[in-house]
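Commentary on secondary and tertiary structure
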Amino acid sequence: MTPLTLTADTTGRAATARRTAWVPTIVLILGALYCLIPIAWVVIAATKDRSELFSTFTFAPGSGFLQNLSDLTDYRDGIFWRWMANSAFYAGFGALLSAAVSAAGGYALGRFAFRGREAIFKMILAGVLVPSVVLAVPQYLLLSKLGMADSYWSMLLPSILSPYGVYLVRIYAAASVPAELMEAARMDGASEWRIFSRIAVPMMMPGLITVFLFQFVGIWNNFLLPYVMLADDEKFPITLGLYTLLAQGASQPALYTLVITGCLLAILPLIGLFLVIQRFWSLDLLSGSVKA
Amino acid sequence: MTSAPLQGSDLIEVGPLADGTGTAQSVRPSRPRPRRRGRSAPYWFLVPTLTLFAAFTVVPIGYAIWLSLHKVQVKGIGLGKGARAQVWNGIGNYTDVLKDSEFGHSVLRAFGYGLIVIPTMLGLALLFALMLDTPKARSAPFARLMIFLPYAVPGIIAALMWGFLYLPDVSPFSYLLDKFGLPQPDLFDGGNLYLSFANIAVWGGTGFNMIVIYTALRAIPPEIYEAARIDGATDLGIALKIKIPIVMPSLVLTFFFSVIATLQVFTEPMALKPLTNGLPSSWSPLMAIYDKAFLQSDIYGASATAVVLALATFVLSFTLLRISDRYTREDRA
């Protein structure tokens, strides 16, 4: 789990080119600028008040950030913060459950030989190919028959199973939990559950954290599922909340500043999490399927 | 599956996926296991996964197929209890889907959008990955982080931000074009709309694909480059003749996922819809299905459309996998 750095570059390659490689440097900086522009823009635009947004140069900072913040907080008695809390709940709790389910399922598929193992694994992987809307529409209809549509459950339950998470844990369990250790624990009379919870889970922890982070980002960023499932805006996650705010703003451009400030606040936690992921995750895991 | 008659010796740990197809029979040990208990353990560990898979994948798919074969029949004037009944409709909904020009157009739009997004995004991802892999490129770690950063931004928020950047009143691009007295293109209109959507997808997806390709590049042993240099190869020659062929499997994989994502484009056009009048509510296939199910309340037609889209995705996926399989095999030969 070493973070990937260029300093790990082999000396053999570095020795052949002593001068700065300008073409790659310029291409990379242009790429970085392209990726940064919208984020830089949203940071600056969030500081502008309503009139400044339309009148001043777009990359000139304004004077209304605190005002925007308090307007956003006042908007419908602070529903913005409710949306943020909902997103944190859906993503946090959902990713936690997802990591737990993936841990058990991936461990079973990676550490045991049993009848139907490959069939089960392939079936779950095929689930990735099913277009999200093919699932979302009948999921909605079925959940509404159970009286669960437009509830916290309707957002949480469909997000728990992650085929990618199961796949990742399967690889991770097979590589990091030694069979000898499991055998020794069995000899000592440990139950399978105890072996899993006390030996396997701690050893698979880096893989499980990766699953958690991926799932957290995935649920936080999801738009289609809440768009289909939820009607009551008290239960909206931030993505759907900001979308409806913009949809109203189309007739009231005064709401634009709120949407822009909201966008900035909504991406801050994810950018923070992203910096954590950067240090944490293993790119080898990410590309596990590529190298296979 | 738990009903399969298992032997006590069936519970064997397998190596790190070495066998891939390891069945209980093929790894049966020579002596009986000391304990018979625990042989059902893998099934217990799979209970949550399989329950969720059944409840949120298998049952919904089955329900969608069932719905797609039915329709509502209205008796009389459609009032009162029992006036509306679900009746068998056979392939009627499917023939409607195939005749539905609105859905056909949405598929064509998705193809046009994919033709712009996929080559641009994967081309840029490959270019950036190769540049990152160049020795002595300055600020490479910084650029890698920044190019990957959009991955952290929710698609809908990326689309909202770009939407504002496209709005003439607030856009820095319009501002600059105005300063130089150049005409400002309407980014919400006709053909430009494709470029506007494509740009958002390219912005959001390039970094992830770059990392996948870059990781594959890092796995190439440096001795290969040494040998090529002794033979007089240039950096460009090494990139074209060694690096790109070696990362081809990663490119195929990223291409595969991009095609699936293209068929499912939903977020970007949905986000830009409030900012423009020119966008039909069935712009993309997913929007057409949503529109049918929830705005026209035709869940039967919507289900049939969804099943058609799913089948198309499967056919496309397996065709792509087969082509890439043949390609890599010929490559090895």
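Residues numbered from 1 in each chain as written. Chains lettered and ligands numbered in written order. Predicted model: local features only at pLDDT ≥ 70, side-chain atom pairs only at ≥ 80, totals over all residues. Heavy atoms only, no water.

Turning our attention to the overall build of chain A. Of regular secondary structure, chain A possesses 16 helices and 0 strands. Across the 292 residues in chain A, those meeting the buried criterion constitute 57%. Across chain A, contacts joining residues at least 24 apart in sequence account for 73% of those joining residues at least 6 apart. As displayed, chain A has an accessible area near 11,600 Å², and 67% of this comes from carbon and sulfur atoms. (Helix = DSSP H or I, 4+ residues; strand = E, 2+ residues; numbered from the N terminus. Buried < 20%, exposed > 50% of the residue type's maximum accessible area, 1.4 Å probe, protein only. Contact = heavy atoms within 4.5 Å. Areas by Shrake-Rupley, 256 points an atom, 1.4 Å probe, with all protein chains shown as cover.)

Turning our attention to the overall build of chain B. Looking only at helices and strands, chain B has 13 helices and 2 strands in total. In chain B, buried positions account for 50% of the 333 residues. Across chain B, the fraction of contacts at a sequence separation of at least 24, relative to all contacts at a separation of at least 6, is 64%. Roughly 16,000 Å² of accessible area belongs to chain B as shown, and the carbon and sulfur atoms make up 63% of that amount.

Facing the 123 residues of chain A at the interface are 120 residues of chain B. Summed over both sides, the interface of chain A with chain B buries roughly 11,100 Å², with 76% coming from carbon and sulfur. On the surface where chain A and chain B come into contact, there are 0 salt bridges. At the boundary of chain A and chain B, one finds 9 residue pairs in polar contact (both at pLDDT 80 or more). With 16 residues, the top contributor of residues to the side of chain A that touches chain B is helix H2 (residues 22–45) of chain A. Partitioning the side of chain A that touches chain B into residue classes produces 88 nonpolar, 20 polar and 15 charged. (Buried area = accessible area lost by both parts, 1.4 Å probe. Salt bridge = Lys/Arg side-chain N within 4 Å of Asp/Glu carboxyl O. Polar contact = N/O pair within 3.5 Å; in protein donor to acceptor, adjacent residues only side chain to side chain. Nonpolar A, V, L, I, M, F, W, Y, C, P; charged D, E, K, R; others polar.)

Residues and elements named next belong to chain A. Counting across every chain of the model gives 11 salt bridges over all chains. In this structure, Arg170 engages Glu118 in a salt bridge whose closest nitrogen and oxygen atoms are separated by 3.3 Å. Of this pair, Arg170 sits in helix H9 (residues 163–176) while Glu118 sits in helix H6 (residues 117–126); the two residues are 52 residues apart in sequence, bridging distant segments of the chain. Taking the shortest distance from any N to any O, the salt bridge between Asp232 and Lys235 comes out at 3.1 Å. The exposure class assigned to Lys235 is buried, which follows from its relative accessible area of 18%.

Here we come to the packing of aromatic side chains. Throughout the structure, instances matching the rule amount to 40 aromatic pairs over all chains. Here the aromatic rings of B:Trp162 and B:Tyr166 are separated by 5.9 Å at their centres, their planes lie at 35°, and the arrangement is tilted. With B:Trp162 and B:Tyr166 both in helix H5 (residues 155–166), this residue pair falls 4 residues apart, about one helical turn. The pair formed by B:Trp162 and B:Tyr166 is uniform in burial state, with each residue classed as buried. Taken together, the ring pairs connect A:Tyr140, A:Phe223, A:Tyr227, A:Tyr243, B:Phe266, B:Tyr290 and B:Phe294 into an aromatic cluster. Sitting over the face of the ring of A:Phe121, A:Arg170 holds its NZ or CZ atom 4.0 Å from the ring centroid. When the ring centre of B:Tyr225 is taken as origin, the NZ or CZ atom of B:Lys243, which lies over that ring, is 5.1 Å away. (Phe/Tyr/Trp six-rings, centres within 6.5 Å; stacked < 30°, edge-to-face > 60°. Lys NZ or Arg CZ within 6 Å of the ring centre and 35° of its normal.)

Before going further, it helps to spend a moment on the confidence of the model for chain A. All names here are of chain A. Scored by pLDDT, chain A comes out at a mean of 85, with 88% of its residues at no less than 70. Mean pLDDT across the secondary structure elements of chain A bottoms out at helix H16 (residues 288–291), with 38, and peaks at helix H5 (residues 79–111), with 96. Confidence over residues 1–17 falls short of pLDDT 50; this stretch has 34 contacts with residues more than four positions distant or in other chains. Note on residues 282–292: pLDDT is under 50 here. Beyond four places in sequence and across chains, it has 25 contacts. (pLDDT = per-residue confidence, 0-100.)

Let's shift gears to the environment of B:Ala310. Its location among the elements puts B:Ala310 in helix H13 (residues 299–332). Each C-alpha atom, one on B:Ala310 and one on B:Ser258, is 15 Å from the other, the two residues being 52 residues apart in sequence. Once you skip the residues sitting within four places of it in the chain, B:Ala310 turns out to touch A:Pro131 and A:Val134.

Quick look at the confidence of the model for chain B now. Where the model shows low pLDDT, its predicted coordinates should not be examined in detail. All names here are of chain B. Summary statistics for chain B give a mean pLDDT of 81 and a share of 84% for residues scoring 70 or more. Note on residues 1–36: pLDDT under 50 across the span, and 64 contacts to partners over four residues away in sequence or across chains. Predicted complex metrics record ipTM = 0.84 and pTM = 0.83.

Residues and elements named next belong to chain B. Between helix H3 (residues 101–132) and helix H7 (residues 190–218), the shortest axis-to-axis distance is 7 Å and the interhelical angle comes to 40°. Put simply, H3 runs oblique to H7. Of the two possible hands of crossing, H3 and H7 adopt the one that is right-handed. Classifying every residue of the contact of H3 with H7 by side-chain character gives 22 nonpolar, 5 polar and 1 charged. (Axes fitted to C-alpha atoms, helices over the stretch in contact; angles between N-to-C directions. Parallel < 35°, antiparallel > 145°, perpendicular 65-115°, else oblique. Left-handed = near helix turned anticlockwise from the far one by under 90°.)

There is a patch of nonpolar side chains on the surface, built from A:Trp22, A:Ile26, A:Ile29, A:Leu30 and A:Leu33 and spanning about 510 Å² of accessible area. Within the secondary structure, A:Leu33 is located in helix H2. (Patch = residues over 30% accessible without salt bridge, like charges linked within 9 Å, V, L, I, M, F, W, Y side chains within 5 Å.)

So, on to the side chain of B:Ser68. Residue and element names in this part refer to chain B. Residue placement: Ser68 occurs in helix H1 (residues 41–68). Judged by relative accessible area, Ser68 falls into the buried class, the value being 0%. At 2.6 Å, the side chain of Ser68 and the backbone oxygen of Ile65 are in polar contact. What Ser68 contacts, discounting residues up to four positions off in sequence, is Gly90, Asn93, Tyr94, Tyr300, Ser303, Ala304 and Val307.

Residue and element names in this part refer to chain B. Between H5 and H7, the shortest axis-to-axis distance is 10 Å and the interhelical angle comes to 135°. Here H5 lies oblique to H7, going by the angle between them. In terms of crossing hand, the pair formed by H5 and H7 is right-handed. Every residue of H7 that contacts H5 at Ala158, Ala159, Met161, Trp162 and Tyr166 is listed here: Ser196, Asn199, Ile200 and Trp203. Residues belonging to the contact of H5 with H7 are distributed by class as follows: 7 nonpolar, 2 polar and no charged.

Compared with the 44 Å implied by 1.5 Å per residue over 30 residues, the 36 Å span of helix H11 (residues 192–221) of chain A between its first and last C-alpha is markedly short. The sharpest bend along H11(A) comes to roughly 65°, located at A:Met205, with the proline A:Pro206 sitting one to four residues further on. (Expected span 1.5 Å × (residues − 1). Bend = angle between axes of the 7 residues up to and from the residue.)

Residue and element names in this part refer to chain A. Here helix H4 (residues 65–74) has its buried residues at Asn68, Asp71 and Leu72. Down the axis of H4, the buried side of the element spans an arc of 100°, and every buried residue falls inside it. Seen from the open side of H4, the exposed residues pointing more than 90 degrees away from its buried face are Leu66 and Asp74. One or two residues past the end of H4 sits Arg76, with phi positive at roughly 45°. (Arc of directions from axis to C-beta.)

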